[in-house]
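Chain by chain, the residues:
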Amino acid sequence: DVLDHEVGLGAIQKISGAWHFKRSERFNGRLTGYTWQINDGFTSIEVMEELLAKVTELETETLMFRCDGRACGKGVQWANRVFHQPVLYGRDDMQRYRVFSIGESPRYLLLIYAAARTADRQYLHTELLQIAD
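The structure displayed is predicted, hence computed values, not measured ones. (Residues numbered from 1 in each chain as written. Predicted model: local features only at pLDDT ≥ 70, side-chain atom pairs only at ≥ 80, totals over all residues. Heavy atoms only, no water.)

**Quick look at the sheet that holds strand β6 (residues 96-102)**
- Reading across from one edge, β1-β4-β8-β7-β6-β5 is the order of the six strands in this open sheet, with antiparallel pairing throughout. A strand with exactly one partner marks an edge of an open sheet, and here the two such strands are β1 (2-8) and β5 (61-68). Neighbour-to-neighbour, the strand axes of the sheet open up by a mean angle of 25°, direction not taken into account.
- In this structure, strand β4 (residues 24-38) lies alongside strand β8 (residues 121-131), joined through ten bridges in antiparallel fashion. Paired with Trp36 across the strands is Leu124, a residue of β8. (Pairing = 2+ DSSP bridges. Helix = DSSP H or I, 4+ residues; strand = E, 2+ residues; numbered from the N terminus. Axes fitted to C-alpha atoms, helices over the stretch in contact; angles between N-to-C directions.)

Quick look at the structure:
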């Protein structure tokens, strides 16, 4: 369970010496997160695209935010400050981030982040937040 959980709906950037999202919202609810290392010759972007295809088949999904590459901000900040998973730190140009709103009652937020350090170190991180009433 999380209280006042910040969800980034904009790039992460440094403002007056501190890291902040360009835009964000805060939610209460139940958060579940997973981080996978991608194996067998697939890239994190390929796996993310497969997952996105499934998400967009849902009738109640709404894309709230998306960014690719350097437009997301610094990958090290996403890895360490946002997701608290240092393993996600990789090349800024290879990162992808999406936030979807799914359903109405209950409402969920699905966050998907793809990162790549090297061809052999590809990662996908997802978080599903069931928003409390």
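**As for the layout of surface pockets**
- In this structure, the largest pocket occupies an estimated 260 Å³ of space.
- Forming the walls of the largest pocket are 16 residues, and the residues nearest its centre are Glu6, Phe21, Arg81, Val82 and His84.
- Here the lining of the largest pocket takes four residues from β1, the largest share from any one element.
- Taken together, the residues of the lining of the largest pocket break down into nine nonpolar, four polar and three charged. (1 Å grid on protein atoms, 1.4 Å probe; cavity = no way out; pocket = protein on both sides within 12 Å on 5 of 7 lines; lining within 4 Å. Points joined across faces, edges and corners; volume = space filled by probe spheres on them. Nonpolar A, V, L, I, M, F, W, Y, C, P; charged D, E, K, R; others polar.)

**A look at helix α2 (residues 75-82)**
- Of the residues making up α2, those classed as buried are Gly75, Gln77, Trp78, Ala79 and Val82.
- Buried residues along α2 sit in contact with β2 (12-15), β3 (18-21), β6 and β7 (108-118).
- Among the residues trailing α2, His84 stands out with phi positive, at a value near 55°. (Buried < 20%, exposed > 50% of the residue type's maximum accessible area, 1.4 Å probe, protein only. Contact = heavy atoms within 4.5 Å.)

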